[in-house]
Amino acid sequence: MQYTWNDIEQHIAVCTQCPLGQTRNLPVMGRGSRQAEIMLIAEAPGGQEDQQGIPFVGRSGEVLDRLLQDCGLRREEIYITNIIKCHPPGNRDPKEEEKEACFPYLKYETYLLKPRIIVCLGRVAAQRIISPDYKITRQHGTWVCRKNCVLTAVYHPSAILRDPPKYEEAKRDFCEIVRKRDELCR
Ligand code: URA
């Protein structure tokens, strides 16, 4: 079966595949350009995102926008999504069963987008997408090649809010991502 963006959106809107379907306010589907070469994958929507149904609209979103702007990227030219589409109560890490239940949505988003570059935001996403033993502090900014794309991870914006000196490292990583995009796609 060949799903379309609309199909995925409609499934996510009414999803009850895991208990978060009962506690969320709004599910948060990925946003951005559906022609993007760069796909950002974070872990789970926060409280603000749960209220608005849009990824990265809270304080972490402000940090993300600053990083993008500092490297000459605009939200409209990338695609941003999360491993799980519903807010975990109390902002806890997503549970294994929640990640598994939601993973098909991410697979379809990736299949439809066909990004050349996947950027994991933070440890949780990097460990699910790149490798279970991924060490974000040691490995952020390094590249892994998969069949049709290259992958990397950067600090999650909320980690930067807790530890502001991480901003400069994340900025360097993002600027390198732009350079890689230009090398691969321009
Ligand atoms: N943190 C995330 O991991 N995802 C969002 O969409 C917002 C904050």
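We now turn to the structure provided with this report. (Residues numbered from 1 in each chain as written. Predicted model: local features only at pLDDT ≥ 70, side-chain atom pairs only at ≥ 80, totals over all residues. Heavy atoms only, no water.)

**Here we look at the nonpolar core**
Logical step 1: In terms of nonpolar packing, the biggest core is built from 55 residues, with I38, L40, L64, V119, L121, I129 and F174 touching the most fellow members.
Logical step 2: Leaving out residues up to four positions away in the same chain, I129 has contacts with I41, I83, F103, L106, I118, C120, R146 and L151. (Core = buried A, V, L, I, M, F, W, Y, C linked by side-chain atoms within 4.5 Å. Buried < 20%, exposed > 50% of the residue type's maximum accessible area, 1.4 Å probe, protein only. Contact = heavy atoms within 4.5 Å.)

**Some details on the site of the ligand**
Logical step 1: Around the ligand sit A42, E43, A44, P45, G46, E49, P55, F56, N82 and H156, and that is every residue in its neighbourhood.
Logical step 2: In the model, an oxygen atom of the ligand is placed 3.3 Å from a nitrogen or oxygen of the F56 main chain.
Logical step 3: In this structure, a nitrogen atom belonging to the ligand sits 2.8 Å away from a side-chain N or O atom of N82.
Logical step 4: In the complex, 95% of the free accessible area of the ligand, which totals 240 Å², lies under the protein chains.
Logical step 5: Placement of the ligand is best described as lying within the largest pocket. (Near = heavy atom within 4 Å. Polar contact = N/O pair within 3.5 Å; in protein donor to acceptor, adjacent residues only side chain to side chain. Areas by Shrake-Rupley, 256 points an atom, 1.4 Å probe, with all protein chains shown as cover. 1 Å grid on protein atoms, 1.4 Å probe; cavity = no way out; pocket = protein on both sides within 12 Å on 5 of 7 lines; lining within 4 Å. Sits in = over half its atoms within 2 Å of the grid points.)

**Regarding the environment of E176**
Logical step 1: Looking at where E176 falls in the secondary structure, it is placed in helix α9 (residues 166-185).
Logical step 2: Judged by its relative accessible area of 28%, E176 falls in the partly exposed class.
Logical step 3: Spatially, the C-alpha atom of E176 lies 17 Å from that of G122, the residues being 54 residues apart in sequence. (Helix = DSSP H or I, 4+ residues; strand = E, 2+ residues; numbered from the N terminus.)

**Some points on the sheet that holds strand β2 (residues 38-42)**
Backbone hydrogen bonds hold the strands of a sheet together, and the pairing may be parallel or antiparallel.
Logical step 1: Strand order in the open sheet formed by 6 strands is β1-β3-β2-β4-β6-β5, and the pairing between neighbours is mixed. On the outer flanks of this sheet lie β1 (31-32) and β5 (144-145), each paired with one strand and no other. (Pairing = 2+ DSSP bridges.)

**Here's the deal with helix α4 (residues 59-70)**
Logical step 1: In a regular helix each residue adds 1.5 Å, so 12 residues correspond to 16 Å; α4 covers 17 Å between its end C-alpha atoms and thus fits that length.
Logical step 2: When α4 is considered as a whole, its buried residues turn out to be S60, G61, V63, L64, L67 and L68. One side of α4 holds all its buried residues, which, seen down the axis, span an arc of 160 degrees. Structural note: α4 exposes R59, E62 and Q69 on the side pointing more than 90 degrees away from its buried face. (Expected span 1.5 Å × (residues − 1). Arc of directions from axis to C-beta.)

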